[in-house]
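Working through the structure, step by step
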Amino acid sequence: MTTTLPLFRRSFFDTWRSTLGWAAGLAAAAFLYLPLYPSIGGSAQMQDMIDALPSEMTKALNYDQIATGPGYTQATLFGLLGFLLMTISSVAWGAAAVGGDEESGQLELTLAHSVKRVQVVLERALALLLRVALLAGLVFVLVLLLNGPSQLGIEPGNLLGATVLFAGLALLSGTAALCAGAVTGRRTYGLAAGAAVGVLGYVFNAVGRQSKDVEWLLNLSPYHWAYGNSPVANGADWAAAGWLWSLSAALVALAAVGLERRDVGA
């Protein structure tokens, strides 16, 4: 009997422990940051602290937003620790999806069982997508649960839009890692490509917000595409969301073409 999506199922279930680990990390971040807001957010002391920091630092860290509940959630969870955890997990999974398997010799064994190369890329990408979506969904649920007790004042619709952008941003780094790993056959190159998307996106946003002279860097930052509109406070920029998800789809297609056109294990 033929199993439906066998590579997807194997890839997804083989990483359940790491998925749970990253979920625990995101939950810890939510419970660490969000309940603190009632004691510090919107207070004169908080504003004094923000004013005392260099303006360049507050803009780089998005701390100029934290005087409100949505801004605080945007800056601390979606824009900082949550972004970091989601990006690292997505890049690690993406780099291992094809490049890691090829380095270990598992990809040659998989292809020897009459499995198409395109199938390998698409099913591994689907497993990556599901893991990212589950983690983003967990963050959505946790923020929704903490919204009232932590006095954040976040509109559920805005939270949903921010979560879609949150997932799309992480997935872009993951699919960049998957693509580089598939095209080169090297997990290390996948890690480098995925990390570059995440790190440079963050840096370009931080630098681009400092001065109008370098504001053009914002156009090159996926981080700014996702968060430039402050989606937790103002709702999602759905055009930006579509752009992020479309780029991920294009990278998966490029990965499939790249793997198809070269010798595996060469």
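Look up: the structure comes first, before these words.
The model shown is predicted, which means the values in this text are computed figures rather than measured ones.

Below, the discussion takes up the overall build of the protein chain. On a plain count of helices and strands, the protein chain comes out with 13 helices and 0 strands. Taken from N to C terminus, the helices and strands of the protein chain fall in the order α-α-α-α-α-α-α-α-α-α-α-α-α. The globule rule puts the C-alpha radius of gyration for 266 residues at 18 Å, and the 20 Å found for the protein chain is close to it. Taken over 266 residues, the protein chain has a buried fraction of 48%. Considering only intrachain contacts with a sequence separation of at least 6, the fraction spanning at least 24 residues in the protein chain is 77%. Approximately 12,400 Å² of the protein chain is accessible, and the part contributed by carbon and sulfur atoms is 65%. For the protein chain, the distance from the average site of its 14 positive side-chain charges to the average site of its 16 negative ones is 11 Å.

Bringing the nonpolar core into the picture now. Taken as a class, soluble globular proteins show a tendency for nonpolar side chains to be buried jointly. Core analysis: the largest hydrophobic core is formed by 63 residues, its most contacted members being L34, F78, M86, V98, V121 and V143. Every element with two or more residues in this core is listed here: α2 (16–33), α6 (69–104), α7 (106–111), α8 (117–147), α9 (156–184), α11 (222–227) and α13 (238–260). In contact with V143, not counting residues within four places along its chain, are L34, T73, L77, F78, I154 and L159.

Further remarks concern α6. Residue pairs three or four apart in sequence face the same way in an α-helix, which turns once every 3.6 residues. Taking the largest bend as the criterion, α6 deviates by roughly 50°, centred on G82. In terms of residue burial, α6 counts as a mostly covered element, since 28 of its 36 residues are buried.

Its 22 residues give helix α10 (residues 187–208) an end-to-end C-alpha distance of 31 Å, which sits within 8% of 32 Å, the value for a rise of 1.5 Å per residue. Looking at α10, one finds that the buried residues are G190, G194, G198, G201, Y202, N205, A206 and G208.

The next thing to look at is the pattern of salt bridges. Applying the stated rule across the entire model yields 2 salt bridges. Note that D101 and R124 form a salt bridge whose closest N and O atoms lie 3.0 Å from each other. Separated by 23 residues along the polypeptide, D101 in helix α6 and R124 in helix α8 bring together distant segments of the chain. Of the residues examined, D101 reaches a relative accessible area of 17% and is grouped as buried.

Take the packing of aromatic side chains next. The full count for this structure, using the stated rule, is 9 aromatic pairs. Consider the rings of Y37 and Y72, whose centres lie 5.3 Å apart with planes at 45°: the pair is tilted. Pair noted here: Y37 is in helix α3 (residues 37–40) and Y72 is in helix α6, with a separation of 35 residues, a long-range link. Since its relative accessible area comes to 8%, Y37 is described here as buried. When its relative accessible area of 3% is taken as the criterion, Y72 is described as buried. Summarising the aromatic geometry, the rings of F78 and F166 are spaced 5.1 Å apart at their centres and angled 80° between planes, so their arrangement reads as edge-to-face. Of this pair, F78 sits in helix α6 while F166 sits in helix α9; the two residues are 88 residues apart in sequence, bridging distant segments of the chain. Residue F166 is classed as buried on the basis of its relative accessible area of 2%. Taken together, the ring pairs in this structure connect F83, Y202, Y223 and Y227 into an aromatic cluster. Positioned above the aromatic ring of W93, the side-chain terminus of R131 is 4.8 Å from the ring centre.

Parameters at a glance
Numbers given to residues run from 1 along each chain, matching the order in which its sequence is written. pLDDT decides what is reported in this predicted model: residues at 70 or higher carry local features, side-chain atom pairs at 80 or more are listed and counted, and totals for whole chains, interfaces and linings draw on all residues regardless. Water and hydrogen atoms were dropped before computing side-chain values, which therefore reflect all heavy atoms in the structure. Helix and strand assignments come from DSSP, with helices taken as H or I runs of at least 4 residues and strands as E runs of at least 2, each series counted from the N terminus. Our radius of gyration looks at C-alpha atoms and nothing else; its globule reference is 2.2 Å times the residue count to the power 0.38. Partly exposed residues are those whose accessible area sits between 20% and 50% of the maximum for their type, while under 20% is buried and over 50% is exposed, using a 1.4 Å probe and protein chains only. Whether two residues touch is decided by their heavy atoms; if any such pair falls within 4.5 Å, the residues are in contact. For the accessible areas, the method is Shrake-Rupley and the probe is 1.4 Å, while residue cover comes only from the protein chains on display. The charge count treats Lys and Arg as positive and Asp and Glu as negative. His and the chain ends do not count. For the purpose of locating charges, the reference atoms are NZ of Lys, CZ of Arg, CG of Asp and CD of Glu. What is meant by a nonpolar core is a set of buried Ala, Val, Leu, Ile, Met, Phe, Trp, Tyr and Cys residues, joined one to another through side-chain atoms within 4.5 Å. One axis is fitted to the seven residues ending at the residue and one to the seven starting there. The bend at that residue is the angle between these axes. An expected span of 1.5 Å times one less than the residue number is assigned to each helix. Salt bridge, as used here: a side-chain nitrogen of Lys or Arg that lies within 4 Å of a carboxyl oxygen of Asp or Glu. Planes of paired rings set the category: under 30 degrees apart is stacked, over 60 is edge-to-face and the rest tilted, where pairs are Phe, Tyr or Trp rings (Trp by its six-membered ring) whose centres lie within 6.5 Å. Over a ring means this: the NZ of a Lys or the CZ of an Arg is within 6 Å of the ring centre and within 35 degrees of the ring normal.

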